[in-house]
Amino acid sequence: MNKVALITGANRGLGKAIAIGLAAMQYQTVLMGRKPAELEEVANQIQNESSPKAQIVVCDITNTGDVKKAIADLVSKYGQIDVLVNNAGIYFNGSVDIPEDEFVKMLETNLTAQYSILQEIVPQMKRQKSGYIFNVASRAGKIGFAGSGAYSASKFGLVGLSEALYRELNHLGIRVTALCPGWVNTKMAFEAGTTLNEDQMIQPDDLFKTIEWLLSLSPGACVKEVVLETPYNIS
């Protein structure tokens, strides 16, 4: 039986690249997101590359009830979840000057929803005595950038939660790594106002290659976090 990988925000950008890469590694991929047409497009691309047929789960990750049911259904169907890529997220520019509802929405999407998913996945991985959790944070989860304080707050929270789980779960055979990239060549980067061009940024496939490397390490090797930077804006 193929190992099972659940990827949130799999319809575009990082999630899409990671899903396609894991499928090429013969993982049974589960694509979770809010946009069925885009998820179908990714699933079709995976199928055309002779990888295991992807399963689509249309779900708003901020709807805790839907998330819990979706994950329970996946466990019932496959009996296991070997890899979780907690990738879905949103960005609003600003620090204390953004509307409170935007700040709350970012926290709900970038932190609370990730927490809800982990509440379901971690017990399953404990039962399996195995698994790998990748929490896709951001370089803004390590550095509070001027003008992005609200986003940084959500990502700092995810990095802190990820580190706690890293220390709690590694001795149980469950690996946890926070991925903290700088500017990545995605639609979100341009929406966030990057001044870099596409070639100057980290590429989505770089995140998959990082995950591929981490999955290849021996059981005795634990990596708490990986920070990826572009040489054009290190500061």
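Only a predicted model underlies this, so the values are computations on that prediction, with no experimental measurement involved. Throughout, a residue's number is its position along its own chain's written sequence, starting from 1. In keeping with the predicted nature of the model, local features appear solely for residues at pLDDT of at least 70, side-chain atom pairs appear and are counted solely at 80 or more, and the whole-chain, interface and lining totals rest on all residues. The side-chain quantities take in all heavy atoms of the structure and omit both hydrogens and water.

Asker: Hey, could you go over the packing of helix 1 (residues 13–24) against helix 7 (residues 204–216) for me, with residue numbers and the actual values?
Answerer: Where helix 1 contacts helix 7, the two axes come as close as 8 Å, and the packing angle between them is 45°. Overall, the two elements helix 1 and helix 7 adopt an arrangement that is oblique. Judged by the twist between their axes, the crossing of helix 1 over helix 7 is right-handed. Contact residues: G13, L14, A17, I18, G21 and L22 in helix 1; P204, D205, L207, F208, I211 and L215 in helix 7. Basically, the charged four are Asp, Glu, Lys and Arg, the nonpolar ten are Ala, Val, Leu, Ile, Met, Phe, Trp, Tyr, Cys and Pro, and anything else, Gly included, counts as polar. Its residues assigned to classes, the contact of helix 1 with helix 7 comprises nine nonpolar, two polar and one charged. Under this scheme, a helix contributes an axis fitted over its contacting stretch, all axes are lines through C-alpha atoms, and angles between N-to-C directions fall in the 0 to 180 degree range. Helix and strand definitions follow DSSP, with helices as H or I runs of at least four residues and strands as E runs of at least two, each counted in order from the N terminus. The scheme is simple: roughly parallel for angles under 35 degrees, roughly antiparallel for over 145, roughly perpendicular for 65 to 115, oblique for anything else. Whether a crossing is left-handed or right-handed is set by the direction in which the near helix is turned from the far one by less than a right angle, anticlockwise for left-handed and clockwise for right-handed. Residue contacts are counted whenever heavy atoms from the two residues lie within 4.5 Å of one another.

Asker: I'd love a proper account of the packing of aromatic side chains, names of residues and values included.
Answerer: Pairing of aromatic side chains here covers Phe, Tyr and the six-membered ring of Trp, requires ring centres within 6.5 Å, and sorts the geometry by plane angle: under 30 degrees stacked, over 60 edge-to-face, intermediate tilted. In this structure the tally under the stated criterion is two aromatic pairs. Pairing Y91 with Y151 gives two aromatic rings, centres 4.9 Å apart and planes at 70°, and the pair type is edge-to-face. In this pair, Y91 is assigned in the loop between strand 4 (83–86) and helix 4 (100–128) and Y151 in helix 5 (residues 149–169), connecting sequence segments 60 residues apart. Residue burial is assigned from relative accessible area. The probe radius is 1.4 Å, only protein chains are included, and a residue is buried under 20% of its type maximum, exposed over 50%, and partly exposed in between. For Y91, a relative accessible area of 17% gives the class buried. Overall, the relative accessible area of 9% leaves Y151 in the buried class.

Asker: Which residues make up the sheet that holds strand 3 (residues 55–58), and what values go with them?
Answerer: By the convention used here, strands pair only if DSSP detects at least 2 bridges between them. Reading across from one edge, 3-2-1-4-5-6-7 is the order of the seven strands in this open sheet, with parallel pairing throughout. At either end of the open sheet lies a strand with only one pairing partner, and these are strand 3 and strand 7 (225–228). On average, each strand axis in the sheet is tilted by 15° relative to the strand beside it, whichever way the strands run. Here six bridges tie strand 5 (residues 131–136) to strand 6 (residues 174–181), and the two strands are oriented parallel to one another. The residue of strand 6 that forms the bridge with N135 is A178. Helix 3 (residues 64–78) contacts strand 1 (4–8), strand 2 (28–33) and strand 3 of the sheet and is inclined by roughly 160° relative to strand 3. Taken strand by strand, helix 4 contacts strand 1, strand 4, strand 5 and strand 6, and its axis lies near 170° from that of strand 4.

Asker: Explain the side chain of N110 residue by residue, including any values.
Answerer: Positionally, N110 belongs in helix 4. A 3.5 Å cut-off defines polar contacts: any pair of N or O atoms within that distance qualifies, except that in protein one atom must be a possible hydrogen donor and the other a possible acceptor, and neighbouring residues in sequence count only when both atoms are side-chain atoms. Polar contacts involving the side chain of N110 include one to the side chain of S154, which spans 3.1 Å.

Asker: Can you lay out helix 4 for me, pointing to particular residues and giving the numbers?
Answerer: By this rule the span expected of a helix is its residue count minus one, scaled by 1.5 Å. With 29 residues, helix 4 extends 40 Å from end C-alpha to end C-alpha; this agrees with the ideal 42 Å at 1.5 Å per step. A bend of about 40° at E108 is the largest found in helix 4. Just downstream of helix 4 lies K129, where phi reads positive at about 65°. Values of bend correspond, residue by residue, to the angle between axes fitted over the seven residues ending at that residue and the seven starting there.

Asker: Give a detailed account of helix 3, specifying residues and quantitative values.
Answerer: Taking 1.5 Å of rise per residue, 15 residues should cover 21 Å, and helix 3 covers 21 Å from first to last C-alpha, within 8% of that figure. All buried positions along helix 3 are accounted for by V67, A70, I71, L74 and Y78. Along helix 3, the residues classed as buried sweep out an arc of 95° about the axis, all on the same side. Residues K69 and S76 are exposed on helix 3 and point more than 90 degrees away from its buried face. Contacts from the buried residues of helix 3 go to strand 1, strand 2, strand 3 and helix 4. Note that the arc is defined by the directions from the helix axis to the C-beta atoms.

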